[in-house]
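Remarks on the overall topology
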2 protein chains.
Amino acid sequence: MNVEKYIELKDYVLARKTADLCFKDASVLLLQTGEIVKSDVAVQDGYIVGVGKYNGKKEIDCSGLFLAPGFVDSHLHFESTMSRPRELVYYASKCGTTTFIADPHEAANVSGIKGIEYILSDTEDSYGDVYIMMPSCVPAKKGEDSGAILDGKTMKSILKNDRILGLGEVMDCRAVVDCEKSMMEKLSIFQSRPKDGHALGIKEKELSAYIMSGILTDHECSSYEDAISKVRQGMYIHIREGSAAKNLTNIVEGIVKNKIDTSLFTFCTDDKHIEDIMQEGHISNNIRKSISLGMDILEAYKIASYNPSVCYGLNDIGAIAVGKKANIVLLSDLESVDIKEVYYKGKKIEDYEERENELEEALNDTVNIDWFTKDMLNLKSKKTAISLVDGELFTKKIQRVDGLGIENKAVVIERHHNKMKYHTSICFNFGIKNGAIAMSVSHDSHNVVAIGDNDDDIMKSIEELNRIHGGIVLSSKGKIFESLSLSIMGLISNQRSYVIKEKIEKMKNKAYSMGVNKNIDPFITLSFIALPVIPEIRITTNGLYSVLEDSFLD
Amino acid sequence: MNVEKYIELKDYVLARKTADLCFKDASVLLLQTGEIVKSDVAVQDGYIVGVGKYNGKKEIDCSGLFLAPGFVDSHLHFESTMSRPRELVYYASKCGTTTFIADPHEAANVSGIKGIEYILSDTEDSYGDVYIMMPSCVPAKKGEDSGAILDGKTMKSILKNDRILGLGEVMDCRAVVDCEKSMMEKLSIFQSRPKDGHALGIKEKELSAYIMSGILTDHECSSYEDAISKVRQGMYIHIREGSAAKNLTNIVEGIVKNKIDTSLFTFCTDDKHIEDIMQEGHISNNIRKSISLGMDILEAYKIASYNPSVCYGLNDIGAIAVGKKANIVLLSDLESVDIKEVYYKGKKIEDYEERENELEEALNDTVNIDWFTKDMLNLKSKKTAISLVDGELFTKKIQRVDGLGIENKAVVIERHHNKMKYHTSICFNFGIKNGAIAMSVSHDSHNVVAIGDNDDDIMKSIEELNRIHGGIVLSSKGKIFESLSLSIMGLISNQRSYVIKEKIEKMKNKAYSMGVNKNIDPFITLSFIALPVIPEIRITTNGLYSVLEDSFLD
């Protein structure tokens, strides 16, 4: 709280003035001492101005209720939901999460700083505090045809915004260990700020070097052994429980069994769909699961709010105490995390309020592929093909495919800068028949990808995708079956999340009925077909690429 | 660690280069996880560059030894020892304390920023890291004739020094609660930095206001009840165990009994004499006592190092992990805190190295009382006298003293700016006969104070004090019996601590033999006779002052 605010609010603390709101007779979780204390909590102008005996102009009877500080999601991406960030914040805050540490990695890959600014503006004055970790690896790999490049200079241009907290997950571990110049520049710019890690596939002494560079957190641990090895070296571990990646059970079981100090643990979701949030909760689900695995109840709540406030230096949250933001969760039961009401800066989370997208026009016009013509779907070579793998994101290389026929064609088309770059290849194990899918969500550069068994449908879907400024399009037998417009950067929809969900389900069912392999998710799998950092091979705008050999193939 | 250093040291972490020093086979205290793990610890250029399997050019066999991070004294004043700060740092670091959060309140009262700069320069490249909390209440009270005034503007002039951490103990609680302008300015300057408190005598809602203003710590708790009431509100409590104030037993007993989370507790000494440090240790003594009172062993070590690093945002200390400073304590027993060796930034603490005082001349010439003449000892009034109280710092007012005679005269003389201001008064219950004491240590403005039963001895001691540029002088029967020169600001000696100790003891014994009341310490009591913030009355350069009535007396 700054001094001006203190001068304004001081008389409420002294009870010379009556606060607007007072929670009466609550069982307050004092995570800072590990106690539950019966108390009133007075709130004025979004801040807690009294914990003790207080009155309020409006009083809420909290006898029988617990009062906890709002939870923190220590690491998440909004874009993966395809919904507006504002809407995810709403559903998550209904579940008690009032602070979000977001990495707008996808938006930045498409629209650079403007993409980050969209995330900031869409979540301003919403249902929780959204802080931004500056995406550190845009593009994901040198030479990638992303929409933007975030170099040190570009990053500096937005640093003064006080919602920019630190540097986002540093995925390029090699660049850190090898002291690559541009990475060193980024670390230097964020010297005194928190830096998130993504320490996958590096171990022992290389991991130590990565940590010594100042990278503070990691959310990629799937085992207790991995987590404890990092915490021992001073890293914070965000225990992840999202829609796809579920690491909590392994890690928490280890913590409980080994009686580990949890000061350096926090919770995150990374990627969690709104329908999953509505069904099982958000960080509330991490708390509930941890308690069910034997973690001390107050410790679980501390991991959910107090610890991340320390990790990210957010001194105005994480506890119920004077001067903290009035981010408050009222619960009828701590163990089951049975949430009755949530308050963000003293305001109760009620219904979702529709709000116009305040959007720079350019962000609605990021798919530029007019120039793509049907003849570009002709195969230049049939030597090598990509094969998808059941239930996995990695792929396999298939050689000498002449005898195997062409199951599907997949194409990647540069969509950002009219570079007229594309590549068409043969793809196995996707399985679509008499139709095609095209989409503009395609990690990390988010160029257009399309897949189909005939050129007419592929072109149809691509043309429609271009017309609707990006999204997902399913074409069948020469006709558009359905499309989801993701006109905001080709990543995010203007529509409500339930509409998105319905359309996705409809298209997914249709895709399976058209022969798509049921052991893969058609859209998620397709969205990774161009990402040149996951083995074995990928289709990129520069050609068919072998990740393991770091070379292009015929 | 900054990026340049990381690039330099990276090859040592990767074990491509062999570090200069390696602690082999130590039982390492991993306070971040609450574990003790067998490991090597490699050190290069003052930093830990490896915890695991490492070698070193020099190797220290630590089998059978525990290896812990250096301890932190979260709040101390150097000046009270009268020794050079450098020497206290030496003796404390021999006992494992390698980081010091100091408030140079006395130096600042005499010499302002130059006084602070002396503390900084004397402790540069010494035996530990000394950080400064900017004294917040200089002078202690408006109108006081201190040597300097530290207002917001003056503070800003030194803020860029990266050893200036935050704002020093805010003793003027009223100014905070009443939102006095100059205090609000100081809080504003230190908005985003830690601010130490001194919350004595304020409770409940006023305490809450004080905390809401952003004041983060308190070291004045003498009871568990006081401590827990502050921690519940989010304050850090520095558990104090010094030479005079001993609060640890009360607080730790309460913590243990009530199973309180100790995340917000740290240790401090506040004021601890070097002879006490040599005898019982420094922060090591706080750890030992806490364990003996039933605190978990690793928890006590965590309070001593990890917690203060979080409190003050000192990310490069507080744990044994790559990238942290190599501040290392080797112990043969954790419970008794049996310290074998201490390393500060990888260098073993061995013998004390004499070093010239690098001192601005002005700091050696701060006692300017040539102008004071014997006639100024004549009493202007005999209506009211000050009476000292056995074993206490507060005083009593005695009225209509004519019939009681004049036991002693006490005089306070402005010494900083030749203002020719002084006041002579009658003093009871000190008891010196046939002699006088004069000294330049006199809280908080540190003007000259003298006391005696005859004007000749009082003048003698004052003149000698002037000649030696400040210190403590004892005169007996017209002759100087002994003096201790504190020529550095009239507060600090150029001599070694054992010389200071000998001289003080010699003069103290002499004083008692001259009739001084054995229930008071002659020098400490005299040094508080002018401090206009402790009741009941005080002798100030502006006259005899009633603290309770806030008015001057005849």
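Residues numbered from 1 in each chain as written. Chains lettered and ligands numbered in written order. Predicted model: local features only at pLDDT ≥ 70, side-chain atom pairs only at ≥ 80, totals over all residues. Heavy atoms only, no water.

Remarks on the relation of the copies chain A and chain B
Laying chain A over chain B is done by rotating through 180 degrees and shifting 0.0 Å along the axis; what remains is an RMSD of 0.0 Å. The relationship between the two copies is best expressed as a two-fold rotation axis. Nearest to the rotation axis, the C-alpha of valine 310 of chain A is located 3.9 Å from it, this being the minimum over chain A. (Least-squares fit on C-alpha atoms with pLDDT ≥ 70 in both.)

Looking at the sheet that holds strand 17 (residues 384-388) of chain B
Residue and element names in this part refer to chain B. Pairing within the open sheet is mixed, and its 8 strands lie in the order 18-17-20-19-22-21-23-24. The open sheet has two edge strands, strand 18 (395-399) and strand 24 (479-485), and neither has a second partner. Direction aside, the axes of adjacent strands within the sheet are offset by 25 degrees on average. Where strand 19 (residues 408-413) lies against strand 22 (residues 448-452), 5 bridges are found, and the strand directions are antiparallel. Looking across to strand 22, one finds that valine 412 is bridged to valine 449. Lying over the sheet, helix 14 (residues 497-513) contacts strand 21 (435-439), strand 23 (471-476) and strand 24, oriented at roughly 145 degrees with respect to strand 24. (Pairing = 2+ DSSP bridges. Helix = DSSP H or I, 4+ residues; strand = E, 2+ residues; numbered from the N terminus. Axes fitted to C-alpha atoms, helices over the stretch in contact; angles between N-to-C directions. Contact = heavy atoms within 4.5 Å.)

Quick look at the interface of chain A and chain B
Listed as interface residues are 53 residues of chain A and, on the opposing side, 53 residues of chain B. The contact between chain A and chain B buries some 4300 Å² in all, and 62% of this surface belongs to carbon and sulfur atoms. Looking only at chain A, the three residues that lose the most surface to chain B are Tyr6, Lys205 and Met212 of chain A, adding up to 19% of its buried area. Remark: the boundary between chain A and chain B carries 4 salt bridges. For arginine 232 of chain A, the salt bridge is made with glutamate 35 of chain B, and the minimal N-O distance between the two is 2.8 Å. Linking chain A with chain B are 22 residue pairs in polar contact (both at pLDDT 80 or more). (Buried area = accessible area lost by both parts, 1.4 Å probe. Salt bridge = Lys/Arg side-chain N within 4 Å of Asp/Glu carboxyl O. Polar contact = N/O pair within 3.5 Å; in protein donor to acceptor, adjacent residues only side chain to side chain.)

Some details on the pairing of strand 6 (residues 71-76) of chain A
All names here are of chain A. Among the 6 residues in strand 6, 6 count as buried, and that is most of the element. For strand 6 and strand 7 (residues 97-102), the ladder comprises 4 bridges, and the chain directions are parallel. Bridged to phenylalanine 71 within strand 7 is threonine 97. This β-α-β element, strand 6 to helix 2 (residues 85-94) to strand 7, shows right-handed connectivity. (Buried < 20%, exposed > 50% of the residue type's maximum accessible area, 1.4 Å probe, protein only. Right-handed = clockwise from strand over helix to strand, strands pointing away.)

Details of helix 13 (residues 455-467) of chain B
Residues and elements named next belong to chain B. Over its 13 residues, helix 13 extends 18 Å from the first C-alpha to the last, a length consistent with the 18 Å expected when each residue adds 1.5 Å. Asp457, Ile458, Met459, Ser461, Ile462, Glu464, Leu465 and Asn466 are the residues of helix 13 that are buried. Looking one or two places after helix 13, you find histidine 469, whose phi comes out positive at around 65 degrees. (Expected span 1.5 Å × (residues − 1).)

Some points on the side chain of glutamate 87 of chain A
Residues and elements named next belong to chain A. Looking at the element boundaries, glutamate 87 is found in helix 2. At a separation of 2.7 Å, a polar atom in the side chain of glutamate 87 contacts the side chain of serine 497. Residues within four places of glutamate 87 in sequence aside, it is in contact with Ile274, Tyr352, Gln495, Arg496 and Ser497.

Section: the packing of aromatic side chains
Within this structure, the stated rule accounts for 22 aromatic pairs over all chains. Ring geometry for tryptophan 371 of chain B and tyrosine 422 of chain B: centres 6.5 Å apart, planes at 45 degrees, overall tilted. Here tryptophan 371 of chain B, found in the loop between strand 16 (347-348) and strand 17, pairs with tyrosine 422 of chain B, found in strand 20 (residues 422-428); they are 51 residues apart in sequence, far enough to count as distant. An aromatic cluster is built from Tyr90, Tyr91, Tyr127 and Tyr352 of chain A, whose rings are joined through pairwise contacts. Geometry around phenylalanine 481 of chain A places lysine 506 of chain A over its ring, the cationic atom sitting 5.2 Å from the centre. (Phe/Tyr/Trp six-rings, centres within 6.5 Å; stacked < 30°, edge-to-face > 60°. Lys NZ or Arg CZ within 6 Å of the ring centre and 35° of its normal.)

Describing the sheet that holds strand 26 (residues 543-546) of chain A
All names here are of chain A. With antiparallel pairing, the 3 strands of this open sheet are ordered in space as 25-26-27. Since the sheet does not close on itself, it has two edges, and those belong to strand 25 (537-540) and strand 27 (551-553), each with one partner. Neighbouring strand axes in the sheet, compared pairwise and without regard to direction, differ in orientation by 40 degrees on average. Summarising the sheet, strand 25 and strand 26 pair through 4 bridges and their orientation is antiparallel.

Points about helix 8 (residues 224-231) of chain B
Listed as buried for helix 8 of chain B are Tyr224, Ala227, Ile228, Lys230 and Val231 of chain B. Buried residues of helix 8 of chain B, seen end-on, are gathered within an arc of 160 degrees and therefore sit on one face of the element. Residues of helix 8 of chain B that are buried in the fold lie against strand 2 (35-44) of chain A together with helix 7 (204-212), strand 11 (217-218), strand 12 (236-240), helix 9 (248-258) and strand 13 (265-268) of chain B. (Arc of directions from axis to C-beta.)

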